[in-house]
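# Reading the structure
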Amino acid sequence: MDACFTAFDKDEDGFLSLSEFKLICCALFRNNLGKIYTLEEDQLQEIYLIFDLNGDGMIDREEFEICWNLWIKVCTRPKSAFLIVDVQNDFISGSLNIKHCAAQQDGLEVVEPINRLLDTVPFDSVFYSLDWHPVDHVSFIDNLHLREVDATSGVSKEVAKVYDTVTFKGPPLIKQRLWPRHCVQDSWGAELHKDLKIVDNAIKIYKGTNSEVDSYSVFWDNKKLTETTLSSQLREIGTTDIYICGLAYDVCVGATAVDALGSGYRTILIDDCSRGVDLVDIEKTKACVISNNGVIVNSSQVKAMVEGRDRRPELGYKLALEIKQKLSTTNDIDK
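Residues numbered from 1 in each chain as written. Predicted model: local features only at pLDDT ≥ 70, side-chain atom pairs only at ≥ 80, totals over all residues. Heavy atoms only, no water.

In the annotation of an unreviewed UniProt entry, the protein chain is listed under the name nicotinamidase and assigned to Odynerus spinipes. In the Pathway (unreviewed entry) part of its UniProt record, the protein chain is described as follows: "Cofactor biosynthesis; nicotinate biosynthesis; nicotinate from nicotinamide: step 1/1." The record in UniProt for the protein chain states the following under Sequence similarities (unreviewed entry): "Belongs to the isochorismatase family." (UniProt positions renumbered as here; feature names shortened; annotations may be inferred.)

Overall, the coordinates contain 22 salt bridges when judged by the stated rule. The partner of arginine 275 in a salt bridge is glutamate 109, with the nearest N and O atoms 2.8 Å apart. With arginine 275 in strand β7 (residues 266-275) and glutamate 109 in the loop between α5 (89-92) and α6 (111-120), the pair connects residues that are 166 residues apart, well separated along the chain. Note on arginine 275: relative accessible area 17%, which makes it buried. Look at glutamate 109 and you get partly exposed, because its relative accessible area is 41%. Because the salt bridges share partners, they merge into one network encompassing Asp86, Asp131 and Lys207. (Salt bridge = Lys/Arg side-chain N within 4 Å of Asp/Glu carboxyl O. Helix = DSSP H or I, 4+ residues; strand = E, 2+ residues; numbered from the N terminus. Buried < 20%, exposed > 50% of the residue type's maximum accessible area, 1.4 Å probe, protein only.)

It is worth spelling out the layout of surface pockets at this point. Taken as a whole, the largest pocket spans an internal volume of roughly 400 Å³. Listing elements by their share of the lining of the largest pocket, those giving two or more residues are α4 (61-76), α7 (230-236) and α11 (313-334). Per element, the largest residue contribution to the lining of the largest pocket is 5 residues, and it comes from α11. Residues of the lining of the largest pocket, tallied by class, amount to 6 nonpolar, 7 polar and 5 charged. Reported here for the second largest pocket is a volume of approximately 210 Å³. As for the second largest pocket, its lining consists of Arg177, Trp179, Tyr216, Asp250, Val251, Gly254, Ala255, Val258, Asp281, Lys284, Thr285 and Cys288. At the level of elements, α8 (249-262) and α9 (279-291) are the ones that each hand at least two residues to the lining of the second largest pocket. The residue inventory of the lining of the second largest pocket, partitioned by class, reads 6 nonpolar, 2 polar and 4 charged. (1 Å grid on protein atoms, 1.4 Å probe; cavity = no way out; pocket = protein on both sides within 12 Å on 5 of 7 lines; lining within 4 Å. Points joined across faces, edges and corners; volume = space filled by probe spheres on them. Nonpolar A, V, L, I, M, F, W, Y, C, P; charged D, E, K, R; others polar.)

See the structure below:
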């Protein structure tokens, strides 16, 4: 830490100016091929101000020590989790085969690149999520007769068809997209695909287990009523970065990525390891992730990122914002 501070304190005044801090960021945000990434100027200044804790317009050694421990060390040595979402039989060749949906993408295509990552990338932890629905689940169109549709629903029970969205009576009111029966607990359709590699010590997360509410995200059900075990397990192992992929890109993968970002994780969506239902919705998913300081990459880029040899400024900025929030909360408590 001291050596780094001294090396970038070019005028040897015992402080880091904004221009000197910019040099640190140029050294920090680069990849293993020699490419230097640049932060937006307003983002650079915002990060600088986060670590200028006393607001004097400079970063001293004590402030830089905080920057080093909370920010630079995480950027260079992240703790990475690989989250493989719902690579299950029903989504690949079963009742909700996404190849038959609007995008006509083949879910089987994700298996080979996911397996290659599992074989070659030193993730700190690996998670598999599974849709795990009871037989009377609210999302199944053939269960429509089990519940009352609210008068405010844009689609009535009489004309509702697969992929329509209806509103069920509450309380609370439940807006629900209707799907074919899929991933019923303990059925063949709910099993992970036979060609998907299952690594030792991986953790399986089961979602959608409540009959009355769907669960796209691996973190929460759709009404944010109940958490899965994912959050506590990620915290327990000190995860900083989550690499997310699987099925379907614009449904469960996208919802999980949004919740990961909202939970403060540096979030990376793996494009070629994901397939989806609707091309327009896939693009919306990508735009949402990027606008919230997530990153979308190809699987060939993952190993260098996990090993800290490809360090993206978007993820650095995301981390800095989380640190800002934590420091602000700590200061409020101290007051």
